[in-house]
Amino acid sequence: MVLPASDLPARVRIYEVGARDGLQNEKGAVPTEVKAEFIRRLAEAGLTTIEATSFVHPKWVPQLADAEELFPRVRELAGVELPVLVPNQRGLDRALALGAERIAVFASATESFAKANLNRTVDESLAVFEPVTRQAKDAGARVRGYVSMCFGDPWEGAVPLHQVARVCTALRNMGCDELSLGDTIGVATPGHVQELLNLLNEEGVPTNEIGVHFHDTYGQALANTYAALEHGVTTIDASAGGLGGCPYAKSATGNLATEDLVWMLHGLGIETGVDLGRLTATSVWMAAHLDRPSPSRTVRALSHKDQ
C-alpha cells in the first residue's frame, strides 16, 4: 500500500554504489565481464547513477585493478551517469583519458581514518584533492566529495560535528558539486543525522548539494535515511543487494541495500524510476556469482515469494 507523506520529497535520486563500494572488499576476484553485466542490469532496472569503479592503484584495492578494462565496456550506456572514484592526480588522469565525466574524491573527517585509508593527514589529503578537483572541473567533469567517518570512527569514537563541517566546507570551496556524508561504520542515529544536516546548512552548504551514505551495522540505515528525507535530502547512496564494507575499517558492514531503500521509498509514494523486481533479480544473480545469499531483507523476502 502506498501512503505518501506530504512533508517528504516527491522524487529521490539513488546513487548506486554496488559495483564499486559494494564489490571492492570481495576477497575473490570478480571477473570484469561479470562487473560489466552487473552495471548493465542495474541500468536496465532503472538506476541512472551507477558508480562504476575506482582508479586506485591495484596494490591497495586489487578487486578494482581492472578499471581500464571495465569502464570502456559500460561507458556508452544510454541515460546513465557513471561516476568513478579517483584517489589522486594519477587516478584522475587515467579516468579522464577514458572519457569519464563524473569524478569522486574521498576525504575523511578524522585523522585516524585519513592515515589508515589515505596515508595522509586530513589537511594533507585535502591539499592533494584541490588540484585534482580543479583539473576535473576544467575538463568539464562534475565532482563529488565523499566524506567518511562523519558520525563515528573506530579509533576516535564520536566525531564532533564541527570537524565534519570543516572538511565538507573545504571540499565545497575547492569546487565539489556534491557532498556525500558517510556513516562508514554505521553508528549514526536519526537525531545525529538531523543535527549534522542543520549545522551544514548553517555553514552555508545547501541541502540540494548533500547526499547521504549509510551503513546498516546497527540496523539504523533506513531510519537515518528517513531523517535525511525529512530534512529535504534527495540523493541517497545505496548498494544493490546490500553489498559492501570498507577494507580500512573492519567494523564497517554492508551498505544500505538499494532494494530495502526502494521498498521504503515506493511505500511513501516517492518516485525513484527503479523497477524493484528487476533490481531484485539483479542482486540474486550477483549473489549467485559471489556464492552467498544477499544480505538485503527485501531481496530475501521477494525471492522467497517467487519460489
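Owing to the predicted nature of the structure, the values given are computational and were not obtained by experimental measurement.

**Re the sheet that holds strand S1 (residues 13-16)**
Moving on, step 1. The sheet built from nine strands is open, its strands ordered S2-S1-S11-S10-S9-S6-S5-S4-S3 with parallel pairing. Strand pairing shows two members of the sheet lacking a second neighbour, strand S2 (49-50) and strand S3 (53-54), which therefore form its edges.
Moving on, step 2. Two elements, strand S6 (residues 142-148) and strand S9 (residues 178-183), share four bridges in a ladder whose sense is parallel. Of the residues in S9, the one forming a bridge with Val147 is Leu181.

**Comments concerning the pattern of salt bridges**
Moving on, step 1. The tally for this structure, following the rule as stated, stands at 22 salt bridges.
Moving on, step 2. Across the pair Arg73 and Glu33 runs a salt bridge, and its minimum N-O distance is 2.7 Å. Of this pair, Arg73 sits in helix H3 (residues 67-74) while Glu33 is found in helix H2 (residues 32-44), placing the two residues 40 residues apart along the sequence.
Moving on, step 3. Owing to a relative accessible area of 35%, Arg73 belongs among the partly exposed residues under this scheme.
Moving on, step 4. The network of salt bridges with shared partners includes Arg13, Glu81, Arg102, Arg144, Glu178 and Asp237.

Cut-offs and rules
- Residues numbered from 1 in each chain as written.
- Predicted model: local features only at pLDDT ≥ 70, side-chain atom pairs only at ≥ 80, totals over all residues.
- Heavy atoms only, no water.
- Pairing = 2+ DSSP bridges.
- Helix = DSSP H or I, 4+ residues; strand = E, 2+ residues; numbered from the N terminus.
- Salt bridge = Lys/Arg side-chain N within 4 Å of Asp/Glu carboxyl O.
- Buried < 20%, exposed > 50% of the residue type's maximum accessible area, 1.4 Å probe, protein only.

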